[in-house]
Amino acid sequence: MAGDINRVTLVGRLTRDPELRTTASGKAVATFSIASHQFVGGKELSEFHSIVAWNRLAETCGKYLGKGQQVA
């Protein structure tokens, strides 16, 4: 099935400020990580997700997001 894509919605807190940079071709790239938590059997389990945003979304992330902020 060509064109199928998996979609995931993550909710968590940024573990650090986004790192905004520009590629040699002029595209903006923001990298950051999100910590998400779930409770299973009375225990809290944490997962860390590496995120990469491109172009205009990358610029928005770099401008408005910061460490500890909750995002979805």
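To be clear, the structure that these remarks concern was listed above.
The rules we used
- Residues numbered from 1 in each chain as written.
- Predicted model: local features only at pLDDT ≥ 70, side-chain atom pairs only at ≥ 80, totals over all residues.
- Heavy atoms only, no water.
- Helix = DSSP H or I, 4+ residues; strand = E, 2+ residues; numbered from the N terminus.
- Buried < 20%, exposed > 50% of the residue type's maximum accessible area, 1.4 Å probe, protein only.
- Core = buried A, V, L, I, M, F, W, Y, C linked by side-chain atoms within 4.5 Å.
- Contact = heavy atoms within 4.5 Å.
- Pairing = 2+ DSSP bridges.

Visitor: Before we go on, may I ask you to explain unusual backbone geometry in this structure?
Guide: Most peptide bonds adopt trans geometry, and most residues besides glycine take a negative phi value. At Asn55, a position not held by glycine, the phi torsion is positive, near 55 degrees. Counting through the fold element by element, Asn55 comes out in helix H1 (residues 55–64). For Asn55, a relative accessible area of 38% translates into the label partly exposed.

Visitor: Looking at this model, I keep getting lost on the nonpolar core. Mind explaining?
Guide: What tends to happen in soluble globular proteins is that the nonpolar side chains get buried as a cluster. Core analysis: the biggest nonpolar cluster contains nine residues, these being Leu14, Ala28, Ala30, Phe32, Ile34, Ala53, Ala58, Cys61 and Val71. Counting residues per element, the ones that place at least two in this core are strand E3 (28–40) and H1. Sequence-distant contacts of Cys61, defined by excluding residues within four places in its chain, comprise Pro18, Ala30, Phe32 and Ala53.

Visitor: Any chance you could explain the pairing of E3 here in plain terms?
Guide: One face of the sheet, then the other: side chains in a regular strand alternate in exactly this way. Strand direction decides the pairing type here: strand E1 (residues 12–14) and E3, joined by two bridges, are antiparallel. Paired with Arg13 across the two strands is Ala35, which belongs to E3. Direction of pairing for strand E2 (residues 19–22) relative to E3: antiparallel, over a ladder of four bridges. The residue of E3 that forms the bridge with Glu19 is Thr31.

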